[in-house]
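Residue-level listing of the chains:
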Number of protein chains: 2
Amino acid sequence: MTHYSKPLARLVEELQKLPGIGPKSAQRMAFYILKMPLNEVQKFTDAILEAKEKIKYCRNCFNMSSENPCEICVDDKRNRAIICIVAETKDLIALERTREYKGSYHVLQGLISPLDGITPDDLRIKELFERLKNEDIEEIILALNPSIEGEATSMYLTKLIKPLGVKVSRIAFGLPMGADLEYADELTLARALEGRREV
Amino acid sequence: MTHYSKPLARLVEELQKLPGIGPKSAQRMAFYILKMPLNEVQKFTDAILEAKEKIKYCRNCFNMSSENPCEICVDDKRNRAIICIVAETKDLIALERTREYKGSYHVLQGLISPLDGITPDDLRIKELFERLKNEDIEEIILALNPSIEGEATSMYLTKLIKPLGVKVSRIAFGLPMGADLEYADELTLARALEGRREV
């Protein structure tokens, strides 16, 4: 690091804090930034600061948005009787990309993970039950990752929501499209078998 | 992209301009930035703007530096009778990491590449000859990549510098340390053979 000029060393160090960026990528990005026109660099830093300043959590569904309540929560074309529960805003974005889902969301902002010290109280579960109490909800769709934490959170929520007389469903797990049975792992195949549907 | 809140879409778009960053990495970085504490984000953007503002090209060797002339050019422990010619500042940094070289540098800021329209006039070659005229140079070491452009630039410079009575050398090309002869490509092996030295 002593071979870099000081401001360059500092820039490389800051870039390395980003996820997935090691020393080599950070250096490449730093030189790229130094060669960018100044107004482009300012547009870049402005975008960072503007996003940081304007994007907050929606007070209703805890999606990240510059609007509060967020665009989805105020959209009249959305079916508010269905709530899809996701762990993070990025999962919501992945679901939105399908253009298949027209209900509302609730972002938990994490998953239950006793190993990491994350309990139900750390998530937006209390707020979910507020919605269940105050809104007229017909169905809850659990769209949580098929990981240990995702399973635990799904089970926890199912146990609490079902007694309220609300339908609870989970997205399907199985072979991804284009996959090959021969190369699928056992767990995925087991889930695919378990989730088979009559045709 | 329509699924992102506007400032988030803008941030992801700006991050995607960085080299090696696709839509997925840009999204991951954007969410990471949004979760960073505000003062960390400000440190990050400050580092970018500070580097952009302070780092200029050294007027002597065209290294990128916040000093002008750069730290290497003003270092009295450096042997100024030897100039190592590199294409970019990042090559200089790679050489500095070896801690083996104690001479000075000259950064060409590119390589001759007729296909990309880069001619000798686009590089810092004129300035190199100024140095050869005004300073007392004993040796020029060409440390340019073993690519077509690097070879062309090396040949071009050799042809011009040798008549001045200055020793011209090129860094060695051959098997990298830890490599396996069996898996080395033909060109590398050919260069290794060609560059063999008596022991």
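Residues numbered from 1 in each chain as written. Chains lettered and ligands numbered in written order. Predicted model: local features only at pLDDT ≥ 70, side-chain atom pairs only at ≥ 80, totals over all residues. Heavy atoms only, no water.

1. Points about the sheet that holds strand 3 (residues 79-86) of chain B
All names here are of chain B.
- Reading across from one edge, 4-3-5-6 is the order of the 4 strands in this open sheet, with parallel pairing throughout. Either end of the sheet is taken by a strand with one partner, and the two such strands are strand 4 (103-107) and strand 6 (167-170). Neighbour-to-neighbour, the strand axes of this sheet turn through a mean angle of 25 degrees, independent of strand direction.
- Sitting on the sheet, helix 6 (residues 125-134) is in contact with strand 3, strand 4 and strand 5 (139-142), with an inclination near 150 degrees to strand 4. (Pairing = 2+ DSSP bridges. Helix = DSSP H or I, 4+ residues; strand = E, 2+ residues; numbered from the N terminus. Axes fitted to C-alpha atoms, helices over the stretch in contact; angles between N-to-C directions. Contact = heavy atoms within 4.5 Å.)

2. Quick notes on the domain arrangement of chain A
- Partitioning chain A into structural domains gives domain 1 (6-54) and domain 2 (64-198).
- On a C-alpha basis, the centroid separation for the pair domain 1 of chain A and domain 2 of chain A is 34 Å. (Domains from an automatic or database assignment.)

3. Looking at the sheet that holds strand 3 (residues 79-86) of chain A
All names here are of chain A.
- Judged by pairing direction, the sheet is parallel, and its 4 strands sit side by side in the order 4-3-5-6 without closing on themselves. Two strands bound the open sheet, and with one partner strand each, they are strand 4 (103-107) and strand 6 (167-170). Between one strand axis and the next, the sheet turns through 25 degrees on average, direction left out of account.
- Sheet contacts for helix 7 (residues 148-161): strand 3, strand 5 (139-142) and strand 6; angle to strand 6, the most-contacted strand, approximately 165 degrees.

4. Side note on the packing of aromatic side chains
Residues and elements named next belong to chain A.
- Counting across every chain of the model gives 2 aromatic pairs over all chains.
- Ring plane angle 65 degrees and centroid distance 5.1 Å describe the contact between Y101 and Y105, whose orientation is recorded as edge-to-face. Each member of the pair Y101 and Y105 is classed as buried. (Phe/Tyr/Trp six-rings, centres within 6.5 Å; stacked < 30°, edge-to-face > 60°. Buried < 20%, exposed > 50% of the residue type's maximum accessible area, 1.4 Å probe, protein only.)

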